[in-house]
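Listed below are the residues making up each chain.
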Amino acid sequence: MTDATSNILDEATPEHRRGSGLMRLALSNEFGLALLIALAFGIFAMTLPGFTSPFSLFTIGRQIGIDTMIGLAMMAVIVTGGLDLSVGAIGVCAAMVFGYLAQIAGVPLPLAIPLAIAFGSVLGFINGYVVVRSGVHSFIITLASMSIFFGIMIFLTQAQSFNALPLAVPAMGKLRVGGPISILLIITLVVCAALSIFYRYTTLGRQMLAAGANARAAELSGIRTGRIIIACHMLTGGLAALAGLMLTARTGAAVPSMAGHLGQDWLLPAFLAPVLGGTLLSGGRVSVIGTLLGAAFVTIMTSGLLLMRVGEFWILACLGLMLLLAVLADRLRHQVLRARGMI
Amino acid sequence: MALSFTRIFDNDWVGPGLVSLAAIIGISIFQPSFLSPFNIFVLLSAIAVNMVIALGQLVIIGIGQMNLALGAFGGLVAISFVAVMELYGVPPFVAVIIGFAIGTLAGGASGFVIARTGISAFIITLAGLQIFKGINLGITEAQPFYGVPQSVKDFGNLSMLGPIPWLVLPMLIASIGMWYLFTRLRIGRYILAIGGNRTAAELSGINVTATVIWAHAISGLLAATAGMMLVARLQIGQPTIGDDWLISSFAAPVIGGAVLAGGHVSVAGTFFGVVIIAIITQALVLFAIDPFVVQIVLGGLILWAVGINRLRELRVAKLNERA
Amino acid sequence: SPALADPGTKVALVPGGPHPYFAAWEQAGKDAMKDFNLGAGDYRVPQKWELAQQSTLLESLLTQGYNSFLIFPGDAVGTNATVSEIVDNGGQAIATAGCLKDPTPALFCLGTDTGNSAYLGTKELIKAMGGKGRIAHFTGFLVDPNTQLRIDAVQKAADETNGDVTVVQVIADIDAPQPAEEKINAYLAAHAADVDGIVTTAWVPAVTAANSLRKIGDKRIKMVGIDHDEVVLQAIKDGFVNGTMLQNPYGQGYLGSYVLDKLRTGCTLKADAPWKSNALTAKFVDSGTVFVDAATADTYVDAMRGITKTLLANFEKDFMACK
Amino acid sequence: MSALQVSHVSKAFPGVKALDDVSMTLRGGSVHALLGENGAGKSTLIKIMTGIHKADSGSITMEGKPVRFGNPRQAAAGGLGVVHQERNLVTRFSVSENIMLDRLGKHSLSSVDYPAIAAEAARWLKLLDLDVDPSTPVSRLSVAQMQLVEIGKALSLQSRVLLLDEPTASLTPSEAQVLFRILRRLRDDGVAIGFVSHKLEEVFDICDTVTVLRDGRNACDSAGLKSLNRDDVVQMMIGRAERISKRAARSKPATAPYLELQDYSSTAGHKDISLAVRPGEILGLYGLVGAGRSELAKAVLGLSGQTGGEIRVAGRHVKINSVAEALALGIGYVSEDRKAEGLILLHSVLANAGITVWKRLANALGFLRDATIASHVGPVLKKLEVKTPSLDQTIGNLSGGNQQKVSVAKWIAAGVKLLIIDEPSVGIDIKTKAYLHDLIHELAESGTAVLLITSDLTEMVDVADRVAVMDGYRIQGLVENDRNYERVSTAIMGLIHGRKAA
Ligand SMILES: Nc1ncnc2c1ncn2[C@@H]1O[C@H](COP(=O)(O)OP(=O)(O)OP(=O)(O)O)[C@@H](O)[C@H]1O
Ligand SMILES: Nc1ncnc2c1ncn2[C@@H]1O[C@H](COP(=O)(O)OP(=O)(O)OP(=O)(O)O)[C@@H](O)[C@H]1O
Ligand SMILES: [Mg+2]
Ligand SMILES: [Mg+2]
């Protein structure tokens with residue numbers, strides 16, 4: 001497991017905190033990622049014409065927005081030391097519910113959106129409830145629910161898309177604010193801020209972290225671990241639904257295949273962003289900013305490699321190699337800092 | 001007496017075993033052809049490959065990590081295996097050795113990086129997945145290799161004895177080998193010790209680096225075996241081999257009682273986990289389920305199988321409490 | 001004629017993911033680039049068969065300065081958004097080998113009429129079965145709307161026999177070799193005696209089913225496959241498979257590149273052109289389908305070339321208005 | 001020649017100078033005490049000797065030759081056996097496999113000879129008077145038994161130097177005596193032994209020489225213990241003489257019991273337990289290891305099922321199904337197993353200390369700030385002198401004793417009406433122990449009912465008002481505490497052994 005030091009959102013208040021705070025920041029995963037991103041961005045911007053064109057920046061930003069949201073959805077359940085294979089299925093189901101509400105039932109968007117998110121939470125609740133009550137690992141439960149949620153969706157829609165949504169939906173996908181910045185990225189940034197506050201400043205958020213890190217100790221401290229774990233799954237469901245809606249805006253339609261077969265296409269970005277960002281798979285520690293940076297890192301790398309026009313079939317191998325080199329470089333940075341006694 | 005009864009029911013494999021048995025009996029009542037020799041043959045062929053895949057993940061689960069690159073190893077070995085036979089006319093026997101070597105080296109390399117850098121196995125094997133899958137695509141350009149020699153095809157196609165395919169042989173060797181490894185060999189115990197409590201293992205003087213490398217090398221070797229078995233079964237070197245291994249490679253061990261956090265695995269349990277998944281897959285076909293509801297039924301059956309096992313565990317816990 | 005062509009036309013041929021079907025596009029792009037003096041005729045493959053990957057690749061290609069696209073839509077609806085982005089940025093695109101659903105910003109759809117192909121294939125199968133019997137249908141991912149078209153088309157062909165032919169089973173979601181092999185074999189193991197014909201409407205199931213029929217050595221069951229995989233063609237020659245519905249990937253790539261260049265250099269599409277229409281779009285151009293059986297298995301390439309030639313010769317006259 | 005010599009070693013962690021120019025010399029044939037307050041650097045020094053941490057400067061020699069162990073494996077190979085302060089067992093493995101973990105075979109692919117390993121393990125278990133089957137999984141052992149297995153593991157290495165970091169912290173005096181017998185024998189065989197403990201009686205009992213650390217510096221370097229008395233040692237440790245104020249017996253409150261068990265039986269195996277704790281009273285619960293005290297506490301919290309009898313809280317009949325319900329009824333529990341049940345090692349000191357008060361401190365929307373929590377738990381942490389570079393420090397990085405302080409502090413801060421305290425002073429230094437006892441008394445004075453479980457009889461006599469004696473999951477009787485150690489301990493032992501004889 002990566003040894004991420006604690007949250008960079010820690011307030012650097014009284015005297016004795018300041019010294020170690022700076023060092024910790026320098027050692028943190030987030031800092032390393034930010035450094036790598038800056039480096040990659042700089043190199044690509046200088047060597048690849050078109051990389052910094054407004055269109056390219058717009059698509060990169062939009063991709064970061066969506067992938068981060070998917071990552072956050074998974075992160076919310078990784079907190080418990082569990083996982084949710086059904087994030088993709090939930091996202092697509094919620095998007096299809098949204099499509100139905102907005103296109104067929106004529107529900108106005110300001111109502112359809114929260115309804116779809118609530119629907120995602122309900123699916124998350126089902127996952128959480130079964131996980132807690134059965135005591136079976138969430139891997140198996142969500143493996144089954146992934147199949148069931150997606151199966152019901154495909155059965156009901158017969159794999160047909162909703163492609164006559166109100167025009168505001170596709171418009172959202174193309175909307176740019178402040179030059180090349182996608183509105184979807186802005187939405188994600190807002191959610192990131194909210195989640196950072198949630199995990200740091202609310203009882204429920206803290207209880208989630210405690211229950212995830214050591215369920216027994218949390219239980220013995222009077223936390224209702226079962227309910228908290230269900231809440232984590234609900235948060236996951238809601239965020240997955242939001243990611244589904246964002247993807248719907250990007251696609252301009254609610255499409256059953258937008259997360260692939262069973263929604264499995266989401267699994268990679270879902271795990272990659274949080275884990276790169278320093279969220280522990282064993283639970284108990286999250287990094288919202290890290291997840292954002294993780295998604296940004298992967299998106300920028302992918303984008304740069306595509307622009308570099310590496311032989312079409314070799315791109316994947318290069319991507320893997322870059323990822324490996326990046327984490328190795330970050331590890332090296334740690335070691336050098338430590339050896340120099342700078343921390 | 002009651003105690004020994006509880007003991008038996010305490011075993012991880014009993015639950016999945018009972019579920020498999022119930023499923024076999026149930027299905028064969030409604031579909032007598034389920035137990036026809038050819039169907040048994042087909043079932044065993046599927047089980048054989050999937051078991052070796054699951055074992056490849058089981059070692060890594062045992063040490064408390066995960067190997068996302070399992071399928072990429074398998075795919076790369078599969079196409080290399082066929083490629084050296086087709087392009088260089090290497091005899092199958094030598095090609096198998098080459099395949100083993102590639103798998104073991106790939107696994108060992110990722111184990112080395114994980115152990116030496118201390119970076120999460122998730123990230124390293126993910127990078128490995130992309131690298132090895134990328135090499136696979138780079139070599140094949142998504143085109144299959146067709147030059148599978150008849151002897152290899154026969155191995156994947158013919159029966160060893162009655163309805164038992166030859167493919168069962170490597171599975172048996174791998175299963176017994178892994179069972180022996182986990183219960184009797186030093187390396188297996190060290191793998192589980194590290195999975196169970198890494199700090200304790202380290203402080204006790206276990207060479208964690210070497211053990212992690214071993215585990216990943218074994219995982220690579222098993223992935224290679226499964227990849228080549230699939231070539232024999234599919235009769236063709238498909239570049240897509242291994243793409244869909246990941247989830248089932250975890251599902252079978254977990255159904256079989258493995259603890260995802262590491263330190264506890266069951267080879268027999270995993271076997272029945274594989275059997276359950278194979279039976280479910282078959283049942284959906286045998287009963288001509290509408291393709292649009294197949295996924296729903298599949299999910300339901302997984303829950304059912306897990307639920308039964310869970311009931312057993314609760315019973316055992318109750319009996320233990322009383323004892 | 002080449003002299004008029006503009007090296008500013010930079011064509012990218014983008015399939016939905018790595019797949020052997022599209023291999024001919026690479027050569028087609030290269031040939032078109034040479035023959036029509038294009039700035040580029042590059043075959044660019046998404047790393048994985050994922051809608052998001054393809055969209056990212058297309059966006060990147062747009063950034064790289066490509067202005068003309070032949071796209072196999074990752075999703076008939078979902079890819080529209082990306083195409084509209086291309087059009088917004090001054091590019092143009094033809095949905096190739098598969099169609100986009102109307103309303104679409106794509107110029108038109110150049111491909112195989114998947115429904116019609118499945119229909120014709122089933123007709124051939126019924127002919128081979130002597131006009132009556134039971135059919136099993138193996139097809140691809142349900143999330144691909146083409147799958148539904150194919151299921152319906154096969155059903156339609158059966159229905160036209162007034163009950164002489166029935167579709168007894170549809171197995172879907174088997175686009176990967178391993179599940180395809182498991183499910184098809186399981187099906188044949190239990191139901192080989194209950195079916196008289198097999199129609200497959202996706203690449204992988206066709207390969208797998210051909211192999212399975214060879215394995216059980218059954219020439220009683222008739223089969224019609226799809227596409228030109230070596231395994232399928234060999235099975236046709238050996239008599240295990242009756243025939244296959246060929247599509248025209250090379251022609252799609254070659255003709256498509258030509259048309260894109262023409263449209264960039266002064267031509268426009270005629271509104272009153274003889275568009276065909278299918279379930280997805282009203283602007284469809286059939287790139288040609290041929291049924292290949294044992295007699296034509298060695299010469300099908302010529303047949304395809306012929307179709308491409310005809311299409312190329314007539315396209316400007318029939319579909320375009322040029323200055 | 002010295003068996004092991006540490007010279008001028010320094011070690012800094014982010015924010016803490018754990019060791020500053022520390023020296024120590026261990027000789028063969030002698031038991032060397034390493035003393036100091038919580039967080040003084042004892043464990044760090046041991047971890048540096050055994051290659052877990054790397055010293056920033058300084059050197060180590062063994063029998064005159066400089067050594068530098070890169071990891072525990074090299075240290076063991078170099079003839080260094082160690083029992084760490086934290087338990088380090090693979091709980092799913094058997095006792096014998098744990099003892100022999102590094103000797104399961106010559107090379108990776110050799111088969112494990114289980115009978116031979118069990119036989120070897122049995123030898124050490126016997127030596128330690130530990131009556132468990134070597135094939136028992138460690139997860140089934142009690143805390144004390146696990147500690148003995150750890151010791152057996154270190155002994156079985158038969159090394160020339162043996163380092164023991166608080167080996168007796170969770171042992172009863174009689175178990176400790178068994179250990180000391182073994183240590184004396186090893187000493188006589190010429191083994192050099194390093195011994196860390198907060199129990200000074202033990203130190204004077206078996207140690208010959210002493211090194212005292214204060215704030216990471218040598219307060220004394222390998223002095224003979226003969227010439228020192230208890231006060232000298234305490235003076236070196238805390239910089240002043242220790243004043244042990246003997247507490248007077250307190251007046252018995254006449255209030256109605258806050259918690260009352262009547263003929264209570266549980267699925268854990270308790271039979272017909274009857275006891276009552278009143279507000280303002282400190283009821284001790286004494287028993288030998290495995291008597292079922294901790295299990296009783298957990299049963300009351302709803303972690304085991306109730307099979308008979310009655311629980312009454314503040315006079316009302318209640319059923320408690322979860323800890324959250326217990327907490328709602330004003331019952332809190334300080335666990336004896338701080339690593340597994342008491343603390344969230346991954347989280348900060350503040351997060352751990354505040355976990356019990358989050359709900360209470362949050363505003364209407366469920367929001368709360370660190371500052372609020374810090375202002376609430378800060379005084380308790382200060383009172384217990386928790387030594388940490390900051391409240392944001394990961395608690396797993398604190399010294400063992402300081403972790404223990406936090407796990408007690410969080411419940412003292414919780415403001416519950418009944419506090420069950422299970423082995424609170426394990427690994428806590430003598431000064432803090434006195435403070436802790438003060439706190440428990442203050443708590444009682446302010447009207448909290450306290451149920452104190454401790455295996456430390458001195459502590460029991462010092463703190464409790466009455467002592468309920470438990471054995472075999474039953475209450476054997478009740479002893480009034482008049483602070484007369486002789487009388488009370490005889491009475492308690494009588495109740496325990498009286499039953500044994502019967
Ligand atoms: N891994 C670490 N990271 C940061 N600080 C540490 C680490 N280990 C120890 N420390 C700090 O070093 C100091 C010395 O700790 P050490 O564990 O050596 O104390 P100790 O003397 O063993 O105390 P105790 O009697 O409580 O066990 C403490 O302040 C502790 O917080
Ligand atoms: N057969 C067993 N199976 C599982 N755990 C057991 C078994 N026997 C004992 N234990 C463990 O050992 C402990 C027994 O001690 P218990 O807590 O009941 O008594 P105690 O008086 O508190 O003793 P201690 O001083 O050791 O805490 C229990 O916590 C229990 O977890
Ligand atoms: Mg210590
Ligand atoms: Mg206890």
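Before reading further, recall that the structure is shown in the block above.
Reference entry: report on the structure contained in this document. (Residues numbered from 1 in each chain as written. Chains lettered and ligands numbered in written order. Predicted model: local features only at pLDDT ≥ 70, side-chain atom pairs only at ≥ 80, totals over all residues. Heavy atoms only, no water.)

Topic: the packing of helix α3 (residues 54-78) of chain A against helix α13 (residues 288-308) of chain A
Residues and elements named next belong to chain A.
Here's step 1: Between α3 and α13, whose axes approach to 8 Å, the crossing angle comes to 135°. It follows that α3 is oblique to α13 by the angle criterion. Here α3 and α13 pass one another in a crossing that is right-handed. On the side of α3, the interface is formed by I60, Q63, I64, D67, T68, G71, L72 and M75, while α13 contributes V288, T291, L292, A295, A296, T299, I300 and S303.
Here's step 2: Across the contact of α3 with α13, the residue classes break down as nine nonpolar, six polar and one charged. (Axes fitted to C-alpha atoms, helices over the stretch in contact; angles between N-to-C directions. Helix = DSSP H or I, 4+ residues; strand = E, 2+ residues; numbered from the N terminus. Parallel < 35°, antiparallel > 145°, perpendicular 65-115°, else oblique. Left-handed = near helix turned anticlockwise from the far one by under 90°. Contact = heavy atoms within 4.5 Å. Nonpolar A, V, L, I, M, F, W, Y, C, P; charged D, E, K, R; others polar.)

Quick look at the interface of chain A and chain C
Here's step 1: Across the contact, 37 residues belong to chain A and 36 residues belong to chain C.
Here's step 2: Interface area, chain A with chain C, both sides summed: about 3100 Å², of which 56% is carbon and sulfur.
Here's step 3: In terms of surface lost to chain C, no three residues of chain A exceed F55, L306 and E312 of chain A, which account for 20% of the buried area on that side.
Here's step 4: One can count five salt bridges joining chain A with chain C. (Buried area = accessible area lost by both parts, 1.4 Å probe. Salt bridge = Lys/Arg side-chain N within 4 Å of Asp/Glu carboxyl O.)

Focus on the interface of chain A and chain B
Here's step 1: Facing the 42 residues of chain A at the interface are 38 residues of chain B.
Here's step 2: In total, about 3600 Å² of surface goes out of reach between chain A and chain B, with carbon and sulfur atoms giving 83% of it.
Here's step 3: There are zero salt bridges connecting chain A and chain B.
Here's step 4: Among the secondary structure elements, those contributing two or more residues to the side of chain A that touches chain B are α6 (138-157), α12 (267-276) and α14 (315-339) of chain A.

A short note on the sheet that holds strand β8 (residues 192-196) of chain D
All names here are of chain D.
Here's step 1: The six strands lie next to each other as β6-β7-β8-β3-β9-β10, forming an open sheet whose pairing is mixed. Since the sheet does not close on itself, it has two edges, and those belong to β6 (80-83) and β10 (217-224), each with one partner. Going across the sheet, the axis of each strand differs from the next one's by a mean of 15°, ignoring polarity.
Here's step 2: Where strand β9 (residues 209-214) and β10 come together, five bridges link them in antiparallel fashion. Bridging across to β10, T209 finds its partner in G224.
Here's step 3: Each of β3 (30-36), β7 (161-165) and β8 touches helix α6 (residues 173-188); the most contacted strand, β8, lies at about 150° to it. (Pairing = 2+ DSSP bridges.)

Re the coordination of the magnesium ion (ligand 3)
Residue and element names in this part refer to chain D.
Here's step 1: Only S43 (OG) and Q85 (OE1) from the protein reach the magnesium ion (ligand 3) as donors, at distances of 1.9 to 2.0 Å. Separated by 42 residues along the polypeptide, S43 in helix α1 (residues 42-49) and Q85 in the loop between β6 and α3 (95-99) bring together distant segments of the chain.
Here's step 2: A relative accessible area of 17% means that Q85 is categorised as buried. (Donors = N, O, S within 2.8 Å, 3.2 Å for Na, K, Ca; no water. Buried < 20%, exposed > 50% of the residue type's maximum accessible area, 1.4 Å probe, protein only.)

Describing the nonpolar core
Here's step 1: Grouped together as the largest cluster of nonpolar side chains are 423 residues, with contacts concentrated most on Y199 of chain A, F182 of chain B together with F69 of chain C.
Here's step 2: Here this core takes 14 residues from helix α11 (residues 208-234) of chain B, the largest share from any one element.
Here's step 3: When residues no more than four places from it in sequence are discounted, the contact partners of Y199 of chain A are M75, A76, V79, G205, R206, M208, L209, L235, V286 and V288 of chain A.
Here's step 4: Judged by nonpolar contacts, the second largest core, of 31 residues, contains L275, L296, I320 and M470 of chain D. (Core = buried A, V, L, I, M, F, W, Y, C linked by side-chain atoms within 4.5 Å.)

A closer look at the packing of α12 of chain A against helix α6 (residues 121-140) of chain B
Here's step 1: Two elements in contact, α12 of chain A and α6 of chain B, have axes whose closest approach is 10 Å; the angle formed by their N-to-C orientations is 135°. Taken together, the axes of α12 of chain A and α6 of chain B lie oblique to each other. The handedness of the crossing between α12 of chain A and α6 of chain B comes out as left-handed. Contacts between α12 of chain A and α6 of chain B involve L268, F271, L272, V275 and L276 of chain A from the first element and F122, I123, L126 and Q130 of chain B from the second.

Notes on the pattern of salt bridges
Here's step 1: The tally for this structure, following the rule as stated, stands at 46 salt bridges over all chains.
Here's step 2: Close ionic contact of R216 of chain A with E341 of chain D constitutes a salt bridge, the shortest N to O distance being 2.9 Å. One end of the pair, R216 of chain A, is in helix α10 (residues 215-220); the other, E341 of chain D, is in helix α11 (residues 338-342), on a second chain.
Here's step 3: The exposure class of R216 of chain A is partly exposed, given its relative accessible area of 40%.

A closer look at the site of ligand 1
All names here are of chain D.
Here's step 1: Taken together, 21 residues sit near ligand 1, with K42, S43, T44, S399 and G401 positioned nearest.
Here's step 2: One nitrogen or oxygen atom from the side chain of N38 is found 3.0 Å from an oxygen atom belonging to ligand 1.
Here's step 3: Here a nitrogen atom of ligand 1 sits 3.1 Å away from a polar atom, N or O, in the main chain of N397.
Here's step 4: Here ligand 1 loses 93% of its free accessible area of 640 Å² to cover by the protein chains.
Here's step 5: Contributions of two or more residues to the shell around ligand 1 are made by β2 (16-27), α1 and α15 (400-414).
Here's step 6: Here the shell around ligand 1 is composed, by residue class, of five nonpolar, 13 polar and three charged. (Near = heavy atom within 4 Å. Polar contact = N/O pair within 3.5 Å; in protein donor to acceptor, adjacent residues only side chain to side chain. Areas by Shrake-Rupley, 256 points an atom, 1.4 Å probe, with all protein chains shown as cover.)

Here we look at the coordination of the magnesium ion (ligand 4)
Residue and element names in this part refer to chain D.
Here's step 1: For the magnesium ion (ligand 4), the protein coordination sphere consists of S294 (OG) and E336 (OE), at 1.8 to 2.6 Å. Here S294, found in helix α9 (residues 293-300), pairs with E336, found in the loop between β16 (331-334) and α11; they are 42 residues apart in sequence, far enough to count as distant.
Here's step 2: A relative accessible area of 26% means that E336 is categorised as partly exposed.

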